[in-house]
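# Residue-level structural notes
Residues per chain, in single letters:
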Amino acid sequence: MKRRIVGILLCMLMITTLPLAAGMNFSTETKHSKTAAGLVGKTFIRGIITKPRIINGGRDITFRAIYVHYISFDARETQRGVLRGFQKITLKNDFVGHCGDPLGRWVFALFDGNLDI
């Protein structure tokens, strides 16, 4: 019985190392341009968040990312990434989509410009 438990634990440990062996990067730092060219384009985000709060007199909305996937695209390039670890995200309150509800904390939003972290 003990050998089975040890075998199961070793398999679970080996499964967690697969992304490292495949060369995945777990960095939470993202590069975003703050130039005028970075303001063109659109960004789509989706994921699990904390409770959203309205700030700046209703102009912006802020929340923390538990696990949020984003895709930023414009005429030149497409950037994809994942935000996690309770990183703070601030959006303008003119996005198209959904941000939080009573049953769960989800975000599905499309907005102009790049993601401001």
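Heads up: these notes are all about the structure in this document.

Cut-offs used in this document
- Each chain carries its own residue numbering, running from 1 in the direction its sequence is written.
- pLDDT decides what is reported in this predicted model: residues at 70 or higher carry local features, side-chain atom pairs at 80 or more are listed and counted, and totals for whole chains, interfaces and linings draw on all residues regardless.
- Working from all heavy atoms in the structure, the side-chain values ignore hydrogens and water.
- Any carboxyl oxygen of Asp or Glu within 4 Å of a side-chain nitrogen of Lys or Arg constitutes a salt bridge here.
- Strands here are runs of E lasting at least two residues and helices are runs of H or I lasting at least four, both read from the DSSP assignment and numbered beginning at the N terminus.
- Buried means the residue's accessible area, taken with a 1.4 Å probe over protein chains only, is under 20% of the maximum for its type, while exposed means over 50%, and partly exposed covers the values in between.
- Definition of a polar contact: a pair of N or O atoms within 3.5 Å, with one able to donate and the other able to accept a hydrogen when the atoms are protein atoms, and with sequence-neighbouring residues admitted only if both atoms are side-chain atoms.
- Residues are treated as being in contact if the distance between any of their heavy atoms lies within 4.5 Å.

The next subject is the pattern of salt bridges. For the coordinates displayed, the defined rule picks out two salt bridges. With its nearest N and O atoms 3.5 Å apart, the salt bridge here joins D60 to R59.

Turning to the side chain of S72, a few remarks are in order. As for its position among the elements, S72 is in strand β3 (residues 60-73). In this structure S72 comes out as buried when scored by relative accessible area, which is 4%. Separated by 3.0 Å, the side chains of S72 and T43 make a polar contact. Those residues within four positions of S72 in sequence are excluded, and the remaining contacts are K42, T43, E77, T78, Q79, N114 and L115.

The backbone phi angle of N56 is positive, close to 55°, even though this residue is not glycine. Positionally, N56 belongs in the loop between β2 (53-55) and β3. Residue classification places N56 among the partly exposed positions, given a relative accessible area of 49%. A positive phi angle, near 60°, is found at F86, a position not held by glycine. F86 gets classed as partly exposed once you look at its relative accessible area, which sits at 48%.

The analysis is restricted to geometry; functional conclusions fall outside its scope.
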